[in-house]
Amino acid sequence: MLALALAAALVTSGQPAEAIVVTATEGYRHESIETAEGIIVALAQRTGAFTPRFVRKQEELSSALTPEALAATKLVMFVNTTGELEWPERQRLLDWIAAGGSFLGAHSASDTWHQWPGYLEMLGGEFESHPEEMTAEVIVTDRVHPAGSGLLSPHPLFEEFYQFKNFAREKVTLVLTLADGSPMAWYRPYGKGRVFYTALGHRHDVWNSPWFQQHLTGAILWSLGHEQSRRRRAVSR
């Protein structure tokens, strides 16, 4: 199914970039994290664009995100992270992004480091609450960006849809919204770096959805600087 979903996706040539994928949590831990990690590995193999290295415990952050490790890394992903992760050197991450690194946050990356305004400003929004899981129509608002190109819109999705506070609408470009205009995915510059955030990814079936995988693949390729993505076939599931 993955191969069918991404049949027309850009496959890169050359050496894959290093990507550090943080799934560490402090407090609530999503049951879908293991599924998310498997999908990310599959996308790495499918595109040939990156090699993921997973950081699953907050105690590993200091050793995994050293200056040397970040210097060799193109992309840092926070996937369903939560809480006030313990990392005394955390300002290093923002400095690295501002100097030209790329950051991609998925779902509860916005429910992380609520007590660190600098991180939330970088991300562009902060999780506030969510209603019960429901079906809603997701609208693609940017069909040029690789994370929106080729996606069926509107797309009905059963998911846990976040609501945000401290959302900096004037600083971001929206890629996905709900029908009422609620933001679901966006991107922005941060210094010389790139930031992408998608609020989707709570459920196992969302991660297994070809539609979401195509969205995430585009976000990853953009984060890695692959601008010339081929037009992809619309994926509906």
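For the structure itself, consult the block above.
Cut-offs used in this document
- Residues numbered from 1 in each chain as written.
- Predicted model: local features only at pLDDT ≥ 70, side-chain atom pairs only at ≥ 80, totals over all residues.
- Heavy atoms only, no water.
- Axes fitted to C-alpha atoms, helices over the stretch in contact; angles between N-to-C directions.
- Helix = DSSP H or I, 4+ residues; strand = E, 2+ residues; numbered from the N terminus.
- Left-handed = near helix turned anticlockwise from the far one by under 90°.
- Contact = heavy atoms within 4.5 Å.
- Nonpolar A, V, L, I, M, F, W, Y, C, P; charged D, E, K, R; others polar.
- Pairing = 2+ DSSP bridges.
- Core = buried A, V, L, I, M, F, W, Y, C linked by side-chain atoms within 4.5 Å.
- Buried < 20%, exposed > 50% of the residue type's maximum accessible area, 1.4 Å probe, protein only.
- Salt bridge = Lys/Arg side-chain N within 4 Å of Asp/Glu carboxyl O.

Description of the packing of helix 2 (residues 33-47) against helix 8 (residues 210-223)
Here is step 1 of the chain: In contact at an axis separation of 11 Å, helix 2 and helix 8 are set at 65 degrees when each is read in the N-to-C sense. As for the relative orientation of helix 2 and helix 8, their crossing is right-handed in sense. When helix 2 is examined against helix 8, the residues Ile-39, Leu-43 and Thr-47 are found in contact with a partner set consisting of Gln-213, Leu-216, Thr-217, Ile-220 and Leu-221.
Here is step 2 of the chain: Taken together, the residues of the contact of helix 2 with helix 8 break down into five nonpolar, three polar and no charged.

Structural notes on the sheet that holds strand 4 (residues 102-106)
Here is step 1 of the chain: The nine strands lie next to each other as 2-1-3-4-11-10-9-6-7, forming an open sheet whose pairing is mixed. Either end of the sheet is taken by a strand with one partner, and the two such strands are strand 2 (50-55) and strand 7 (155-159). Strand-to-strand twist of the sheet, defined as the mean angle between neighbouring strand axes without regard to direction, takes the value 20 degrees.
Here is step 2 of the chain: Bridge analysis of strand 4 against strand 11 (residues 193-198) gives five bridges, and the strand direction is parallel. Bridge pairing in strand 11 places Phe-103 opposite Val-195.
Here is step 3 of the chain: Most of the contacts of helix 8 go to strand 11, to which it runs at about 170 degrees, and overall it touches strand 2, strand 3 (75-79), strand 4, strand 6 (134-140), strand 7, strand 9 (173-178), strand 10 (183-190) and strand 11.

A closer look at the nonpolar core
Here is step 1 of the chain: Core analysis: the largest hydrophobic core is formed by 75 residues, its most contacted members being Phe-78, Phe-103, Tyr-119 and Leu-176.
Here is step 2 of the chain: The leading source of residues in this core is helix 8, at seven residues.
Here is step 3 of the chain: If near-sequence neighbours (up to four positions away) are discounted, Phe-78 is found in contact with Val-22, Leu-85, Leu-93, Phe-103, Leu-104, Gly-105, Ala-106, Ala-109, Trp-113 and Tyr-119.

Overview of the pattern of salt bridges
Here is step 1 of the chain: Tallied over the full model, the rule gives five salt bridges.
Here is step 2 of the chain: Glu-121 serves as the salt-bridge partner of Arg-188, at 3.3 Å between the closest nitrogen and oxygen. Of the two residues, Arg-188 is situated in strand 10 and Glu-121 in helix 6 (residues 117-123); the sequence distance between them amounts to 67 residues.
Here is step 3 of the chain: Residue class for Arg-188 comes out buried when judged on its relative accessible area of 9%.

With respect to the environment of His-202
Here is step 1 of the chain: For His-202, the position within the fold is in the loop between strand 11 and helix 7 (204-207).
Here is step 2 of the chain: Once the C-alpha coordinates of His-202 and Glu-159 are considered, the two residues, 43 residues apart in sequence, prove to be 6.8 Å apart.
Here is step 3 of the chain: The contact partners of His-202, leaving out residues within four places of it in the chain, are Tyr-28, His-30, Ser-32, His-107, Glu-133, Glu-159 and Glu-160.

A look at the environment of Gln-115
Here is step 1 of the chain: Of note, Gln-115 is situated in the loop between strand 4 and helix 6.
Here is step 2 of the chain: The sequence separation of Gln-115 and Gly-83 amounts to 32 residues, and the corresponding C-alpha distance is 9.1 Å.
Here is step 3 of the chain: Those residues in contact with Gln-115 that sit more than four places away from it in its chain are Glu-84 and Arg-90.

Regarding the pairing of strand 6
Within a regular strand, side chains alternate between the sheet's two faces.
Here is step 1 of the chain: Two elements, strand 6 and strand 7, share five bridges in a ladder whose sense is antiparallel. Within strand 7, the position partnered with Met-134 by the bridge is Glu-159.
Here is step 2 of the chain: In this sheet, strand 9 lies alongside strand 6 in antiparallel orientation, the contact comprising three bridges. Pairing of Val-138 across the sheet is with Leu-178, part of strand 9.

By themselves, these figures tell us nothing about what the structure is for.
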